[in-house]
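Notes for the structure review
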Amino acid sequence: MSARIRLELKVNGKSRELDVEPRKILADALREDLGLTGTHLGCEHGVCGACTVLVNGQAVRSCLMLAVQARGAEILTVEGVERDGQLHPVQQAFRESHSFQCGFCTPGFVISTLAFLAETPSPSEEEIREALSGNICRCTGYQSIVAGVRLASQKLAAETGAPVASGA
Amino acid sequence: MRTIGTSIQRVEDERVLTGRGRYVDDVVVPGMLHAAFVRSPHPHARITGIDSTKAAAMPGVVAVLTGADMQRICNPMTIQMLQGYKSPAFFGLATDTVRFVGDPVAVVVAESRYLAEDACDAIEVGYASLTPVATIEHALDPSRPAIFADVGTNTLFEQSHTYGDVDAVFASAERVFTEKFRQHRYANVPMETRGCVANYDPSTRELVYTVATQSPHGVRFALSGILGIPADRTRVVSGDVGGAFGLKGFVYREDVAISAASKHLGRPVKWIEDRNEHLMASAHAREEDLELTVAARNDGTLLGLKAKLVMNQGSYPLLPFPSALFTSIMRVMLPGPYKLQAYSFDTTVVASNKAPYVAYRAPWEMETFVRERMLDIVAHELQMDPVDIRRKNMVTAAEQPIHMITGPTLERMSARETLDRSLALFDYAAFRDDQRKAREHGELRGLGIATFIEAAPGPRDMSAALGFGLGKERAHVRLETDGHLTVITAQMPHGQGHETTLAQVAADEMGVPFEHVRVVYGDTRYTPFSLIGTGGSRSATMASGAVLYGTRRIKEAVLKIAAGMLEASVDDLQIDEAMISVKGAPQRAVPLAQIAIMSYMAADHLPGGAQPLTEVDHDFDGDEGGWAQATHACWVTVDRDTGQVKIDRYLVVEDCGTMINPAIVEGQVRGGVAQGIGGVLYEHSAYDEEGQFLAGTFMDYLLPTTTEVPTIEIDHLETPPISPVNFRGVGEGGALIAPAALTNAIEDALAPLGVKITEQYLPPARILELTGTI
């Protein structure tokens with residue numbers, strides 16, 4: 001067992017302190033040390049995307065990153081996505097689209113979608129499918145998730161008044 | 001407002017979209033320890049020694065348990081559910097022999113999972129290799145050792161059934177065709193692995209076992225017996241479950257080992273399986289060989305079938321149902337919606353040095369795969385169109401009711417309507433023209449069509465045909481003091497949305513807003529007994545029926561009280577939006593909430609001496625039951641150079657009766673189809689010929705992603721009801737039929753190359769072998 005390391009970081013807008021072993025992965029630190037159990041571990045080898053969080057605005061697999069690497073970073077987990085206690089438009093769109101079933105992969109899809117739509121506000125279906133191909137869902141066959149992302153892009157565009165891609 | 005038939009938003013989504021779901025790994029109990037398993041790297045070996053001294057001395061390590069501890073703490077695990085099944089007796093950890101790669105040998109309990117895994121590396125296990133039994137051929141080879149000495153043979157179950165005069169029918173046939181079909185081992189692979197928190201309290205002598213399961217009562221039933229803890233002191237709790245698809249409907253040796261560790265230590269112990277363990281050592285499904293012989297006339301009329309099935313159950317059977325039980329469903333369902341004069345089915349179940357075999361979404365799927373594959377092969381041999389051979393032999397509405405040759409009554413069975421409807425949704429002749437033109441350019445395009453029927457739940461005579469029944473389903477319905485309803489279900493949802501659909505059923509029946517109904521589940525302290533929990537497509541009919549009739553009984557009592565208050569006849573009353581009123585006189589009304597509070601607080605002073613009824617347990621037997629059915633059509637293009645199969649279009653025409661929530665139905669259908677596609681093109685729980693496991697990561701075991709699953713078009717039919725509860729199961733259908741539809745399409749695409757497909761796993765490399773490219 002190696003010595004623990006103290007570090008500060010910002011999680012969901014709040015300053016937090018961690019005191020962790022250097023080998024502890026970020027996902028475990030979020031779940032165990034900060035009690036943020038919304039971030040799920042589906043494979044622990046970087047393939048399934050369930051543990052995706054935003055680190056300084058970038059979608060990152062928190063099973064492949066050590067907690068100590070997040071020193072000073074700004075992290076967004078699924079718990080920080082709601083706005084004033086209301087579902088974020090991405091979450092609302094997923095809800096209206098019946099996008100998910102068991103919910104285990106869901107936090108990863110929510111975060112990946114936030115990152116994707118920030119870069120590609122008006123995506124085509126092909127772009128959506130390409131962008132989310134790093135997140136595995138075993139329940140849905142994906143069609144409802146793709147529909148949810150499309151609806152989310154429309155909801156977000158309606159907020160900003162930006163033009164959206166029509167249909168597919 | 002009626003909610004049935006609307007895609008009302010799911011109750012579950014408020015929590016799962018915000019990270020507030022409570023899955024087993026989110027459960028933290030004060031004083032909780034963490035476990036990790038040492039597993040066998042050998043497929044078959046004798047354990048010559050275990051040295052855990054070093055591990056036990058490591059900081060943070062609390063205990064190391066081995067098979068010897070299991071023998072001391074537990075009764076042996078064995079199966080008595082199926083007559084004629086030769087069950088071995090075994091323990092939560094291997095005692096003297098390991099029987100598959102991943103077989104648990106020791107469990108370390110430590111202050112953290114990191115420390116437990118460190119200590120696993122420090123345990124030295126000596127092994128002496130034994131001859132592996134890695135394949136069905138090995139298992140049937142008497143020169144190979146029996147992997148369970150107490151059983152003495154690797155053939156654990158054999159059974160034969162004959163319907164009609166098989167010899168006479170085959171003797172009279174103009175044509176006889178035989179094919180051997182092979183289905184590969186693949187697996188459920190839910191996104192949440194297995195996991196549990198066992199918490200044995202030595203002062204109360206109670207085990208509280210929190211687990212990701214489909215069947216809390218099934219787990220309790222098994223753990224209570226194996227650990228010798230009385231059932232009233234064995235409590236199984238389950239919260240959100242991150243998918244299961246059959247895999248979490250069983251009791252595993254790890255469940256026993258972790259419970260035993262907690263009992264031994266008197267402390268809570270958590271175990272969360274990692275993905276490598278899950279892929280290697282939880283369980284796999286589907287591995288079967290089936291030889292099918294068809295007797296037919298030259299005009300394509302089917303006369304008889306002979307089937308010989310061998311199922312490879314791997315090593316240890318899972319409790320409480322052995323996989324051999326599913327062979328009965330294969331036997332009964334193989335004839336499907338087609339008419340036959342004679343039929344025989346021989347079953348052999350073998351043991352081998354592989355992970356256990358588990359039910360996977362339609363665990364009887366082999367029957368549909370071989371039947372629908374064989375119909376195309378027979379049509380090809382007779383130079384018939386694959387649609388024509390189906391139409392020629394399929395039972396029509398006018399012919400019903402009629403018995404399947406295996407016994408069950410086909411009534412309001414609409415397979416033919418789904419086939420006809422699917423052909424009305426596209427231009428079949430035009431596709432054949434396009435296909436011909438494409439072939440002239442060397443392009444390989446194909447169309448596959450396949451049809452299934454599923455007993456979801458099936459007619460009353462289904463259980464006689466199977467030789468076992470799944471029993472009634474109970475729901476508990478309680479009218480609360482404010483007029484809201486609490487529904488306690490025996491279901492254990494894990495993605496199906498029962499908190500939504502069962503609330504829809506209760507709300508509509510009672511005449512209250514959807515938000516006034518709360519559905520609860522997942523705690524053996526208060527949920528009704530069910531050995532199955534959620535599985536077998538039972539919930540749509542069985543759980544809904546129990547909730548509907550239970551709610552109706554409460555409603556009838558409420559209306560009697562209201563009738564006295566409103567001085568009206570019960571028949572003249574209605575309940576809408578939680579308000580009871582006289583039909584046509586809305587001012588004569590009383591809120592349901594008032595009746596509810598009176599039922600509790602003034603029970604002896606109700607108008608006209610009416611009796612209150614605030615809680616009921618209702619047992620539902622399925623009424624007359626019924627069938628779910630669908631036809632799937634799949635269009636593919638096969639790349640001659642790469643062997644890649646591209647799905648150009650996928651169309652489903654299904655009939656599950658009345659849809660409670662169409663979006664949930666469609667999600668079930670699409671999810672099942674995606675798993676069927678995965679099974680054909682990507683997924684393989686592969687072993688080498690020596691029994692070494694080869695697919696222990698998501699880089700080896702490939703799951704379909706957004707770029708592999710096509711848009712799936714769905715068209716719904718709704719056959720008029722045979723019973724008041726006209727909701728049919730839809731959980732299995734997609735996975736049941738997609739392998740047949742897709743492999744039919746691939747063979748059709750490869751027809752110019754003379755390829756016949758009798759196996760189910762068709763990744764690019766295999767396609768290139770079949771086409772002779774490599």
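For every chain, the first residue of the written sequence is number 1, and numbering continues from 1 along that sequence. The order in which chains are written sets their letters, starting at A; the order in which ligands are written sets their numbers, starting at 1. Residue-level local features of this predicted model are given only where pLDDT is at least 70; pairs of side-chain atoms are given and counted only at 80 or more, and the full residue set underlies all totals for whole chains, interfaces and linings.

**Observations regarding the overall build of chain B**
Our working definition: Helix and strand labels come from DSSP, where a helix needs a run of H or I of at least four residues and a strand needs a run of E of at least two; each type is numbered from the N terminus. C-alpha atoms define the radius of gyration in this analysis, and the globule rule sets the expected value at 2.2 Å times the number of residues to the power 0.38. Partly exposed residues are those whose C-beta has more than 12 but fewer than 20 other C-beta atoms within 10 Å; 20 or more makes a residue buried and 12 or fewer makes it exposed, with C-beta atoms placed from the backbone.
Summing up its helical and strand segments, chain B has 21 helices and 28 strands in all. Here the C-alpha atoms of chain B give a radius of gyration of 28 Å, agreeing with the 28 Å that 2.2 N^0.38 yields for 774 residues. In terms of its C-alpha atoms, chain B occupies a principal-axis envelope of roughly 85 × 75 × 50 Å. Each of the 774 residues in chain B was classed as buried or not, and the buried ones make up 59%.

**With respect to the nonpolar core**
If you look at soluble globular proteins, the nonpolar side chains tend to sit buried side by side. Residues and elements named next belong to chain B. Rules: When buried Ala, Val, Leu, Ile, Met, Phe, Trp, Tyr and Cys residues are joined through C-beta atoms within 7 Å, the set is termed a nonpolar core. Once C-beta atoms are placed from the backbone, any two residues with those atoms within 7 Å are in contact.
Val108 and Ala506 are the most contacted members of the largest nonpolar core, which has 300 residues in total. Ranked by residue count, the leading element in this core is helix α17 (residues 539–566), at 13 residues. Among all residues touching Val108, those that are not within four sequence positions of it are Ala35, Ala36, Ala55, Val61, Val64, Ala116, Ala119 and Cys120.

**Some details on the pairing of strand β19 (residues 473–479) of chain B**
A regular strand places its side chains on the two faces of the sheet in alternate fashion. All names here are of chain B. Test applied: In short, DSSP must find at least two bridges between two strands for them to pair.
Among the seven residues of β19, six are classified as buried, and the element is accordingly described as predominantly covered. Of the strand pairs in this sheet, β19 and strand β25 (residues 615–620) are connected by six bridges, and their pairing is antiparallel. Its bridge partner lying in β25, Glu473 is registered against Phe620. Where β19 lies against strand β20 (residues 485–489), five bridges are found, and the strand directions are antiparallel. Following the sheet pairing, Ala475 is matched in β20 by Thr489.

**Structural notes on the domain arrangement of chain B**
Residue and element names in this part refer to chain B. Quick reminder of the rule: An automatic or database domain assignment supplies the start and end points of every domain. Any residue that is not Ala, Val, Leu, Ile, Met, Phe, Trp, Tyr, Cys, Pro, Asp, Glu, Lys or Arg is counted as polar, Gly included; the first ten are nonpolar and the last four charged.
Assigned domains within chain B: domain 1 (26–130 + 189–282), domain 2 (288–394 + 401–465 + 624–770) and domain 3 (472–620). When each unit is reduced to the centre of its C-alpha atoms, the spacing between domain 1 and domain 2 is 36 Å. Of all the secondary-structure elements, those providing two or more residues to the side of domain 1 that touches domain 2 are α7 (216–227) and α9 (275–282). If you tally residues by element for the side of domain 1 that touches domain 2, the top one is α9, at six residues. Considered class by class, the residues forming the side of domain 1 that touches domain 2 number 20 nonpolar, eight polar and three charged.

**Details of the interface of chain A and chain B**
Listed as interface residues are 42 residues of chain A and, on the opposing side, 42 residues of chain B. Of all elements in the fold, only α2 (89–96), α3 (106–119), α4 (125–131) and α5 (143–160) of chain A reach the threshold of two or more residues within the side of chain A that touches chain B.

**Focus on unusual backbone geometry**
In terms of backbone geometry, most residues other than glycine have negative phi values and most peptide bonds are trans. The residue after B:Gln400, namely B:Pro401, is reached through a cis peptide bond having omega 0°. Relative to the elements of secondary structure, B:Pro401 occurs in the loop between α12 (386–393) and β16 (402–403). For A:Asn56, which is not glycine, the phi torsion reads 50° and is therefore positive. Residue position: A:Asn56 is located in the loop between β3 (52–55) and β4 (58–61). The exposure class assigned to A:Asn56 is exposed, which follows from the 12 C-beta atoms found within 10 Å. Phi is positive for B:Glu567, which is not a glycine, with a value near 50°. The topology assignment puts B:Glu567 in the loop between α17 and β22 (573–576).

**A short note on the confidence of the model for chain B**
When pLDDT is low, close inspection of the predicted coordinates is not appropriate. What counts, and what does not: The score called pLDDT rates the predictor's confidence residue by residue, from a low of 0 to a high of 100.
Taken as a whole, chain B shows an average pLDDT of 97; of its residues, 100% reach a score of 70 or greater. Across the assembled chains, the prediction reports ipTM 0.97 with pTM 0.97.

**Let's talk about helix α1 (residues 26–33) of chain A**
Residues and elements named next belong to chain A. Summarising burial for α1: six of the eight residues are buried, a large majority. Its buried side turned inward, α1 meets β2 (14–20). Two residues or fewer past α1, Gly35 is found with a positive phi of approximately 70°.

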